[in-house]
Amino acid sequence: MTAARELVLAGGRGRACRQFLARGLLAALLFGLVSTPWVATAQPPVPSGRSPGEPMSRRAPPTSTQEAQRHRVTGMVLSVDVTRRTVLVSHDAIEGVMDAMAMAFEASEPGELAGLTPGMTVTFTLVMAKGGARAEAITVVPYDSVELDPMVARRLALLEALTGTPRPAPLAVGDVVPDVTLTDQTGAVVSLSTLRGQVVVMNFVYTSCALTQFCFRVTNHFAIVARRFEARLGRDLTMVTVTFDPARDTVDVLRSYASVWNADARTWKFLTGSADDIRRVCDMFGVTFFPDEGLMNHSLRTVVIDRTGRVAGMIEGNEYTAAQLGDLVADVLTPSR
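What you are looking at is a predicted structure, and each value in this text was computed from that prediction instead of being measured.

Trainee: Would you take a moment to explain the overall build of the protein chain for this structure?
Mentor: Counting its secondary structure elements, the protein chain contains six helices and 14 strands. The contacts in the protein chain between residues at least 6 apart in sequence include a share of 69% that link residues at least 24 apart. Counting every atom, the protein chain has about 16,100 Å² of accessible surface; 57% of that belongs to carbon and sulfur.

Trainee: What should I look at first to understand the sheet that holds strand S1 (residues 69–81) in this one?
Mentor: In a beta sheet, neighbouring strands are held together by backbone hydrogen bonds and run either parallel or antiparallel to one another. Judged by pairing direction, the sheet is antiparallel, and its five strands sit side by side in the order S3-S2-S1-S4-S5 without closing on themselves. Bordering the open sheet on either side are strand S3 (101–106) and strand S5 (132–140), each of which pairs with just one other strand. Adjacent strand axes in the sheet meet at a mean angle of 45 degrees, parallel and antiparallel pairs treated alike. Where strand S2 (residues 86–91) meets S3, six bridges bridge the pair, whose relative direction is antiparallel. Within the sheet, the bridge partner assigned to Val87 lies in S3 and is Phe105.

Trainee: Hey, could you run me through helix H4 (residues 251–260) in this one?
Mentor: Side chains three or four residues apart in an α-helix point the same way, a direct result of the helix having 3.6 residues per turn. All of the buried residues in H4 are Leu254, Tyr257 and Ala258. Taken around the axis of H4, the buried residues stretch over an arc of 100 degrees, which confines them to a single face. Of the exposed residues in H4, those oriented more than 90 degrees away from the buried face are Asp252 and Val260. Phi turns positive one or two residues past the end of H4, at Asn262, with a value near 55 degrees.

Trainee: Where do I start with the state of the cysteines in this structure?
Mentor: Cysteine pairs can be covalently joined through their sulfur atoms, and such a bond is termed a disulfide. Enumeration over the complete set of coordinates arrives at zero disulfides. Cys215 takes part in no disulfide bond, and the closest cysteine sulfur, belonging to Cys209, lies 3.6 Å away. Residue classification places Cys215 among the buried positions, given a relative accessible area of 1%.

Trainee: What's the story with the packing of helix H3 (residues 212–228) against helix H6 (residues 322–333) in this structure? I'm lost.
Mentor: What describes two packed helices is the angle between their axes and the distance between those same axes. Relative to each other, H3 and H6 sit at 50 degrees, their axes nearing to 9 Å. With respect to each other, H3 and H6 are oriented oblique. Here H3 and H6 pass one another in a crossing that is right-handed. Residues His221, Phe222, Ile224, Val225 and Arg228 of H3 touch H6, and the partners they reach there are Ala322, Ala323, Leu325, Gly326, Asp327 and Ala330. Across the contact of H3 with H6, the residue classes tally to seven nonpolar, two polar and two charged.

Trainee: Sorry if this is basic, but what is going on with the sheet that holds strand S10 (residues 268–271) here?
Mentor: Strand order across the open sheet formed by five strands is S10-S9-S8-S13-S14, with mixed pairing between neighbours. Both edges of this open sheet fall to S10 and strand S14 (311–316), since each of them pairs with a single strand only. Ignoring which end each strand starts from, the neighbouring axes of this sheet average 15 degrees apart. By the bridge criterion, five bridges tie strand S13 (residues 301–305) to S14 in an arrangement that is antiparallel. Looking at S14, one finds that Val303 is bridged to Met314. In the packing of H3 onto the sheet, contacts are made with strand S8 (199–205), strand S9 (237–243), S10 and S13, and the angle to S8 comes to roughly 155 degrees.

Trainee: I would appreciate a short explanation of the confidence of the model for the protein chain in the present structure.
Mentor: One rule of thumb: low pLDDT means the predicted coordinates there are not for detailed reading. Confidence in the prediction of the protein chain, expressed as mean pLDDT, is 81, and 73% of residues score 70 or more. Contacts of residues 1–48 to residues separated by more than four positions or lying in other chains number 74 contacts, the stretch itself having pLDDT below 50. Considering only residues more than four positions removed or in separate chains, one finds that residues 51–60, a stretch of pLDDT under 50, has 27 contacts.

Trainee: Which parts of the structure should I look at to understand the pattern of salt bridges?
Mentor: Once the charged atoms of two side chains with opposite charge are near each other, the side chains can pair. Taken as a whole and assessed by the stated rule, the structure comprises nine salt bridges. Arg134 serves as the salt-bridge partner of Glu136, at 3.1 Å between the closest nitrogen and oxygen. Both residues of the pair, Glu136 and Arg134, belong to the buried class. Among the salt bridges present, the one from Asp245 reaches Arg248, with a minimum N-O distance of 2.7 Å. Under the relative-accessibility criterion, Arg248 is labelled partly exposed at 36%. Through salt bridges with shared partners, one network takes in Arg70, Arg134 and Glu136.

Conventions we followed
- Residues numbered from 1 in each chain as written.
- Predicted model: local features only at pLDDT ≥ 70, side-chain atom pairs only at ≥ 80, totals over all residues.
- Heavy atoms only, no water.
- Helix = DSSP H or I, 4+ residues; strand = E, 2+ residues; numbered from the N terminus.
- Contact = heavy atoms within 4.5 Å.
- Areas by Shrake-Rupley, 256 points an atom, 1.4 Å probe, with all protein chains shown as cover.
- Pairing = 2+ DSSP bridges.
- Axes fitted to C-alpha atoms, helices over the stretch in contact; angles between N-to-C directions.
- Buried < 20%, exposed > 50% of the residue type's maximum accessible area, 1.4 Å probe, protein only.
- Arc of directions from axis to C-beta.
- Disulfide = S-S within 2.5 Å.
- Parallel < 35°, antiparallel > 145°, perpendicular 65-115°, else oblique.
- Left-handed = near helix turned anticlockwise from the far one by under 90°.
- Nonpolar A, V, L, I, M, F, W, Y, C, P; charged D, E, K, R; others polar.
- pLDDT = per-residue confidence, 0-100.
- Salt bridge = Lys/Arg side-chain N within 4 Å of Asp/Glu carboxyl O.

So this is what it looks like as structure tokens:
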């Protein structure tokens, strides 16, 4: 081994050691080596499949004479534990504190958790004081894209509700998903009921979408998640993409589109069907879509269904990250969930 190579390896071991020590120091602060009524000790950080990197700061816990440190946090709810008064969040990087990761935070008050469900985006203040940390002022951030498609879809949906027959209320987290039968990219018939026993992650697109921040973005997220869970696909996880443009998205078109993403039809199913069947499954999950000069104005929903066939998480819009979707899938895959 050359001297240069030994130097590189030694440097790598040194970085690993520093990262280990830094994470240990941060864990001591956040999860409470000192017992207090609000230390976030309910759950350890959840592995996200992302490279955690070195914490952005090695800031020491405040002393009794120092003011508490406050940091704004934004992230996606993965699960809520009312008994332990904690919320598991896949959060963005917290400047000066830590990189993006999945972590459990204890709410300052039990009422802070009211109405929170997996898939929601929230923001809160992380208060770090001597002995631990707590989440204050947890607020749901509604999806409100400034882009054209979802906004137009919402206006048209309101117009339809005023002038036509209102659509049924979409499923909510915890509801059982009714069975529906569609056709995949190979021409095979697929019923959702046949996927019971696996976790199913589902989104809705149309293949001729011209705006990359919509259908392309959410499909790309699926491709990233597929790589993250490659070992579990087909065993206890299946991915499903439903087109809401069945007139153009035929089996052949979906087969070609699936090949772009290297999708294996056994584990990532691109589904089409009759206009009535497509409308039914979209209504089930609150997906709205309307033809408009050859394109489609549409909303965006990503759904995670648990092994029992119940909605485990519902994500609205396109502003979540692939890592956050992966963290939600990982949480639903957890046996103890």
